[in-house]
Amino acid sequence: DLVSLITAEQDSTRRLSEKEQASIRAQKPIALLINEGTASSAEVFAAAIHDNGRAVALVGSQTYGKGAILHTFPMPDGGGLRISVAEYLTPGLHHVTAPPLPRTGSVIGGGIRPDIECSSSQGIPSDTGADICVALAMDVLDVASSIDN
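Presented here is a report on the structure given in the accompanying data block. Residue positions are counted from 1 within each chain, in the order its sequence is given. Totals for whole chains, interfaces and linings use every residue, but because this is a predicted model, local features are given only for residues with pLDDT of at least 70 and side-chain atom pairs only at 80 or more, for both listing and counting. Here the side-chain values reflect all heavy atoms present in the structure, with hydrogen atoms and water set aside.

1. Focus on the sheet that holds strand β1 (residues 30–34)
Taken together, three strands build an open sheet; the order of strands is β1-β2-β7 and the sheet is parallel. In this open sheet, the two edge strands, each paired with only one partner strand, are β1 and β7 (116–117). Here, two residues are considered to be in contact whenever any of their heavy atoms come within 4.5 Å of each other. Only the stretch in contact is used when fitting a helix axis, every axis being a line fitted to C-alpha atoms; angles between N-to-C directions are given from 0 to 180 degrees. Under the DSSP-based scheme used, a helix requires at least four consecutive residues in state H or I and a strand at least two consecutive residues in state E, with every element numbered from the N terminus. Contacts from helix α2 (residues 41–51) reach β1 and β2 (55–60) within the one sheet, and its direction differs from that of β1 by about 150°. What makes two strands pair is DSSP finding at least two bridges between them.

Put into C-alpha cells, the structure is as follows:
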C-alpha cells in the first residue's frame, strides 16, 4: 500500500484494489530529489514512494532526519513546554532516525540515504538545466523510459 495509517489504538490500514494498483503501475516513472532540507513528513513521503516501488530513484543527498512530532503545551506563567508526542515512521515501520541499514533508499541515522548521491549547494536553481542533481534525475528518467518502451 502506498499510504497506511497505523495507530497504537487501531490499525486503519487500507489495501489498494486491483484497479487502483493497475492505475499506479501505469503511471510515469518518478525520480525524487532529496537533500538535507527534506525533513519530517517529506522524508516519510520519499520513503513511501521508494519502498513501494513507485520511485525509480531518490537523487541527492542525505535528508535531515526529523522524525519527532512536537507539541507545545501552554504553561500557567505564559511559557510553554514542548515535548515529542509522536514520531514519523516509514511504510516499513522504520524510524526516520534509525541506525544505518546496508541498502540505498534506506533510513540512516539522521535521515534517508539517496539511491544516487550528488551534492548541490545552490538550493533551488533558477536554471534547472544547470543543476547537477536535476540533470542526474533527468538521466535516470530517460533510462527508465527507454526500458519501459
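More follows now that the structure is in view.
2. With respect to the state of the cysteines
A pair of cysteine sulfur atoms is labelled a disulfide when the two atoms are within 2.5 Å. The tally for this structure, following the rule as stated, stands at one disulfide. Across the disulfide, C118 is cross-linked to C133 (sulfur-sulfur distance 2.0 Å). Linking C118 and C133, the disulfide has an S-S dihedral of approximately 140° and is accordingly described as right-handed. Placement of the pair is C118 in the loop between β7 and α3 (132–148) and C133 in helix α3, with a sequence separation of 15 residues. Note on C133: relative accessible area 6%, which makes it buried. Partly exposed residues are those whose accessible area sits between 20% and 50% of the maximum for their type, while under 20% is buried and over 50% is exposed, using a 1.4 Å probe and protein chains only.

3. A word on the pairing of β2
In terms of burial, β2 is a largely internal element, five of the six residues being buried. Bridge analysis of β1 against β2 gives five bridges, and the strand direction is parallel. Opposite I34, over in β2, you have G60 as the bridge partner. When the strands point away from the viewer and the connection leading from the first strand across the helix to the second strand turns clockwise, the crossover is called right-handed. Assessed by its sense of winding, the connection that carries the chain from β1 through α2 to β2 is right-handed. Bridge count for β2 against β7 is two bridges, and the pairing is parallel. Residue pairing in the sheet places G60 in a bridge with E117 of β7.

4. Observations concerning the pairing of strand β4 (residues 80–87)
The pairing of strand β3 (residues 68–74) with β4 spans seven bridges and is classified as antiparallel. Considered in β4, the bridge of L70 is made with S84. Where β3 folds back onto β4 in an antiparallel hairpin, the turn is made up of five residues, including G78, whose phi is positive at roughly 95°.

5. Comments concerning the nonpolar core
Note on terminology: a nonpolar core comprises buried Ala, Val, Leu, Ile, Met, Phe, Trp, Tyr and Cys residues joined through side-chain atoms within 4.5 Å. One finds L32, I34, A46, A47, I49, A55, L58 and I112 forming the largest nonpolar core, which totals eight residues. Elements represented by at least two residues in this core include exactly β1, α2 and β2. If you tally residues by element for this core, the top one is α2, at three residues. Ignoring anything within four residues of it in the chain, the contact list for A55 reads I30, I49 and H50. In terms of nonpolar packing, the next biggest core, distinct from the first, is built from seven residues, A57, C118, C133 and A137 among them.

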